[in-house]
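Structural overview
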Amino acid sequence: MEIVYEQNYNPKTADFTPILRAANAKKPDAIYIASYPNGSAGLVRALAEVGTDAKAVGGGMVGLQFAGLMAGLGPMLNGIANYDFFVPEPTMNLYPGASALIDRYQSKVKAENLKVDALGYYLVPWAYANLDILGQAVEAVGSLDQVAIGKYIRDNEFTSVVGKIKFGKNGEWERPRTLVVQYQGITNNDLQQFATPGTRKILLPADISTGDIQSFNSLRK
Amino acid sequence: MAIFIDLLLNALVIGVLLGGFYAALSIGLSITFGLLDVVNIAHPTMLVLGAFIAFLLNSTWGIDPVLAGIISTPFFFVLGWLIYQVYYNVFEKSGAESLRGLAFFFGLLFIIEVGLIIQFGVDHRLVEAPYIGQSWNIVIGEEIDVAIPFRLLVAFVVAAIATLAIHAYLTKTFFGRAVRAVAQDMMALRLMGVDPIRVKRIAFAMGVATAGIGGALMIIVLPIEPSLGRLYLGNVFAIVVLGGLGSISGTLLAAVIIGIAESIVATFFGPSWAPAVSFGILLAVLAFRPEGLFGKTAGAH
C-alpha cells in the first residue's frame, strides 16, 4: 500500500479544511484518520464542507462514539467507517447481559439527570467487564496479591456481560473484539436513532457483521 | 500548477476567515489586557462559558447561536462589572494586582471550568444551525475552486462587525477616548475630574461582554468542552501582543496574519508545524517591534 499523505495535527487546530484539501490533492483511495474528539468532529465537518473522492474514510476516530458528538454531527457521519466497542445491532446479543446493563445505565442517567454519556454503548459494557474480571480474579485468588491476580487473569477464561474473554500471551485479547462499523442512513440529529439498529452497521468481525462496507460517497447526500 | 494555485487560494481564504474567528476570541482580551493592563487569563474560559450558554439556548429553544451570543452579552457585561469590582477592591486598590491578581484570574478560570463540568459534564458539545457543515463553492477555473465553509464565514463576518464596532466606539466616542486615556495616564484623568476606576470598570465589563458573542462563534466553529479555554490561552495572548497592546485594529490584523500563516503552513508543510510558525512570527515581530505591529512606542506616551 502506498501512503501518499501523512500528517499530524495540533490539538488546537480550529479548522481542518486545509488539511483535507492537501490530502485530497494527493488523490487518495482511502483516508485513514487517527484523531481525538476535537479533531474527529473537525474532520467530519471538513469532509462535509470540502468533500473527498476517497472511497473509504475513517479508522481510529475517538469521540464519534459519544452521544453528544453523534447527535451534533448527525448526517455528516454517513459513510465514515470507524472502530467501536458496542453498538445496538442484533448480532451484539451474543454479549449476555450487555443490553440489560445498558438499559439500566440509560434509565439511571435519565432519572438522575447524570452529566455522562447519554447512551453508554461505547464504554459501559467493557468498563463493567473490566471490573467484573478483576473482581472475579480477586475472589478466586482470595487476596490482593497483584502478581497472583495477574497470573490468574492471564491463565483463565472469564465470562462477563460481553461474553467469554481470554487474554493471549501478549496481554491483548486472544481473539480481537474491536468492531469496525460504518455510519449509514442517518437522516437527522436525533440522538435516539443511534439507540436503534441500522445507523452503525457492523463490518468486522465478520462473524457478527450486519452490513457490507459501501463507498464513502454512495452514503452521502 | 493548477493544484498548487487551488491549494494556495483556499489556504488564503480559509486563513482570512480563521483570522476573523481568532479576532473574536482575542478582542475582549485586547481591551482588558491591552488597554487596562488587567491580565485576565480567565478570558478564554469565559469564552467557553459563552459557548455553553449558546449551546443551552440552541439545544433548549433552537435559538440561532449568533443570536444566543447577542442575548448573553448583557449577562457577561454584568459579570465583568462584578469581577472588576472584586479585583479592584481586593487587589488593584492595594497595589497587589501583579501576582495576586494573576492568581485571582487563575482561580476564576478553574471555578468557571469546574462549574461547567458540574453543570454540563465533560462531553463535547455542538450546536445545530443551517450554515454548519455547508460551504459555498466558487469555481474559478479548471481544477481550481474555492470552498468557503459557512460556519467560518459567519464567524468572520460577526467578528469583523464586532471588532470594527468596538474600534469605532473606542476612537470616536467620548467614553472610548476616556478608556484610552486611562490606559495612558490614570492620574491625568483624575486631575480632569474623571473617575478612572469607573471608566476601567465599564471598559473591563465591555471586554468580558465580548465573551458572549465570541463564545457563540467558538461553538459554531468547533466542538467545545469545559477545558477548551486553556488550549487557546497562548493563542489569544499572542495575538493581542502581536497586534500591539491596546490596539483593537492591530488585534484584528494580527489575528488574520496568524490565521493565514496557520492555514498556509497546514496546507503546504503539515498542520503540526502551524503553531510553531505562529509563535515564530510573534517572536520575529517582537524582536524588531517590541511594541507589536500597532502598539505605541514608549516615546509616544
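1. As for the overall build of chain A
For chain A, the helix and strand inventory stands at 6 helices and 7 strands. Seen in sequence order, chain A has helices and strands lined up from the N terminus as α-β-α-β-α-β-α-α-α-β-β-β-β. With the principal axes as the frame, chain A shows a C-alpha extent of 60 × 45 × 35 Å. Summarising the internal contacts of chain A: among those between residues at least 6 apart in sequence, 61% fall at separations of at least 24. Carbon and sulfur atoms form 55% of the exposed surface of chain A, whose accessible area is close to 11000 Å². Here chain A contributes 21 positively and 21 negatively charged side chains, and the mean placements of these two sets differ by 3 Å.

2. Things to note about the overall build of chain B
Looking only at helices and strands, one finds 11 helices and 2 strands in chain B. When the helices and strands of chain B are read in sequence order from the N terminus, they spell out α-α-α-α-β-β-α-α-α-α-α-α-α. Here the C-alpha radius of gyration of chain B, 20 Å, is about what a compact globule of 301 residues would show, namely 19 Å. By principal-axis analysis of the C-alpha atoms, chain B measures approximately 65 × 50 × 35 Å.

3. What to know about the domain arrangement of chain A
Many structure descriptions define interface size as the accessible area lost when the parts assemble. Residues and elements named next belong to chain A. Domain assignment breaks chain A into domain 1 (17-85 + 178-219) and domain 2 (94-165). Averaged C-alpha coordinates put domain 1 and domain 2 at centres separated by 27 Å. Applying the counting criterion to the domain 1 and domain 2 interface returns 0 salt bridges. For the interface between domain 1 and domain 2, the tally reads 3 residue pairs in polar contact (both at pLDDT 80 or more). For the side of domain 1 that touches domain 2, the elements supplying multiple residues, two or more each, are α3 (67-73) and β3 (80-84). Grouping the constituent residues of the side of domain 1 that touches domain 2 by class yields 10 nonpolar, 1 polar and 2 charged.

4. Examining unusual backbone geometry
Cis geometry is found at the peptide bond from Leu204 of chain A to Pro205 of chain A, where omega equals 0 degrees. Looking at the secondary structure, you find Pro205 of chain A in the segment after β7 (200-204). The phi dihedral of Lys27 of chain A is positive, around 50 degrees, even though this residue is not glycine. Within the element layout of this structure, Lys27 of chain A appears in the loop between α1 (17-25) and β1 (30-35). Unusually for a residue other than glycine, Asp37 of chain B sits at a positive phi of about 65 degrees.

5. Regarding the interface of chain A and chain B
With 31 residues of chain A in contact, the opposing surface of chain B contributes 47 residues. Between chain A and chain B, the buried area comes to about 3100 Å², and carbon and sulfur atoms account for 56% of it. Among the residues chain A hides against chain B, the three largest losses belong to Lys12, Arg21 and Arg45 of chain A. Together they make up 24% of the total. In this structure, the connection of chain A to chain B is made through 4 salt bridges. With a closest N to O distance of 3.1 Å, Arg21 of chain A and Asp6 of chain B form a salt bridge. Our count for the contact surface shared by chain A and chain B stands at 12 residue pairs in polar contact (both at pLDDT 80 or more). If you list the elements that add at least two residues to the side of chain A that touches chain B, you get α1, α2 (37-50) and α3 of chain A. In terms of residue class, the side of chain A that touches chain B is built from 15 nonpolar, 9 polar and 7 charged.

6. A short note on the pairing of strand β2 (residues 56-61) of chain A
All names here are of chain A. Burial runs high along β2: 5 of the 6 residues are buried. Bridge analysis of β1 against β2 gives 6 bridges, and the strand direction is parallel. Paired with Ala30 across the bridge in β2 is Ala56. Chirality of the crossover, the property in question, places the unit of β1, α2 and β2 among those that are right-handed. Taken together, the 3 bridges between β2 and β3 define a ladder with parallel strand orientation. Looking across to β3, one finds that Gly59 is bridged to Asn82. Handedness of the crossover joining β2 and β3 through α3: right-handed.

7. A short note on the packing of aromatic side chains
Given two aromatic rings, their pairing is described by the distance between the two centres and the angle made by the two planes. Residue and element names in this part refer to chain B. Counting across every chain of the model gives 28 aromatic pairs over all chains. Measuring from centroid to centroid gives 6.4 Å for Phe77 and Trp81, while their planes differ by 45 degrees, and the two rings are tilted. Of this pair, Phe77 and Trp81 both sit in helix α3 (residues 65-92), 4 residues apart, roughly one helical turn. The class for Phe77 is partly exposed, based on a relative accessible area of 28%. Trp81 sits in the partly exposed class, given a relative accessible area of 32%. An aromatic cluster of at least three residues, connected via ring pairs, comprises Tyr84, Tyr87, Tyr88, Phe91, Phe104, Phe105 and Phe204. Between Arg201 and the ring centre of Trp81, over which it is positioned, the NZ or CZ distance is 5.3 Å.

8. Things to note about the pattern of salt bridges
Tallied over the entire structure, the rule returns 12 salt bridges over all chains. Note that Asp155 of chain A and Lys151 of chain A form a salt bridge whose closest N and O atoms lie 2.7 Å from each other. Here the residue Asp155 of chain A and the residue Lys151 of chain A both occupy positions in helix α6 (residues 146-155), the gap between them amounting to 4 residues, near one helical turn. The exposure class of Asp155 of chain A is partly exposed, given its relative accessible area of 44%. Residue Lys151 of chain A is classed as partly exposed on the basis of its relative accessible area of 49%. Residue Arg230 of chain B is joined to Glu113 of chain B by a salt bridge in which the shortest nitrogen-to-oxygen separation is 2.4 Å. With a gap of 117 residues between them, Arg230 of chain B in helix α9 (residues 228-243) and Glu113 of chain B in helix α4 (residues 99-120) connect regions that are remote in the sequence. The network of salt bridges with common partners includes Asp15 and Glu49 of chain A together with Arg151 of chain B.

Conventions and cut-offs
- Think of each chain on its own: its residues are numbered from 1, step by step along the sequence as written.
- All chains are assigned letters beginning with A, and all ligands numbers beginning with 1, in the order in which they are written.
- A pLDDT threshold of at least 70 governs which residues receive local features in this predicted model, and a stricter bar of 80 or more applies before side-chain atom pairs are shown or counted, although totals over entire chains, interfaces and linings include all residues.
- Think of the side-chain values as coming from all heavy atoms in the structure, minus any hydrogens and water.
- Here a helix means four or more residues in a row that DSSP labels H or I, a strand means two or more in a row labelled E, and each is numbered from the N terminus.
- For this analysis, residues touch if any pair of their heavy atoms sits within 4.5 Å.
- Surface exposure here means Shrake-Rupley accessible area, sampled with a 1.4 Å probe, where a residue is shielded only by the protein chains that are shown.
- This count recognises Lys and Arg as positive and Asp and Glu as negative, with His and chain-terminal groups excluded.
- Charged side chains are reduced to one point each, which is NZ for Lys, CZ for Arg, CG for Asp and CD for Glu.
- Note that the radius of gyration is over C-alpha atoms, with the globule rule given as 2.2 Å times the number of residues to the power 0.38.
- Domain delimitation follows an automatic or database domain assignment.
- Every case where a carboxyl oxygen of Asp or Glu lies within 4 Å of a side-chain nitrogen of Lys or Arg is listed as a salt bridge.
- What qualifies as a polar contact is a pair of N or O atoms within 3.5 Å, subject to a donor-acceptor requirement within protein and to the restriction that residues adjacent in sequence count only when both atoms come from side chains.
- Throughout this entry, Asp, Glu, Lys and Arg are counted as charged residues, while Ala, Val, Leu, Ile, Met, Phe, Trp, Tyr, Cys and Pro are counted as nonpolar. The remaining residues, Gly among them, count as polar.
- Throughout, buried area stands for the accessible area (probe radius 1.4 Å) lost by two parts on being put together, summed over both.
- Categorising residues by exposure relies on relative accessible area from a 1.4 Å probe, with only protein chains included: less than 20% of the type maximum marks a residue as buried, more than 50% marks it as exposed, and the intermediate range marks it as partly exposed.
- Two strands form a pair only when DSSP identifies at least two bridges running between them.
- Crossover handedness is defined here as right-handed if the route from the first strand over the helix to the second strand goes clockwise, with the strands pointing away from the viewer.
- Pairs were defined over the aromatic rings of Phe, Tyr and Trp, the Trp ring being its six-membered one, requiring ring centres within 6.5 Å. Orientation was assigned from the angle between planes: stacked under 30 degrees, edge-to-face over 60, tilted for the rest.
- To sit over a ring, a charge needs its Lys NZ or Arg CZ within 6 Å of the ring centre and within 35 degrees of the ring normal.

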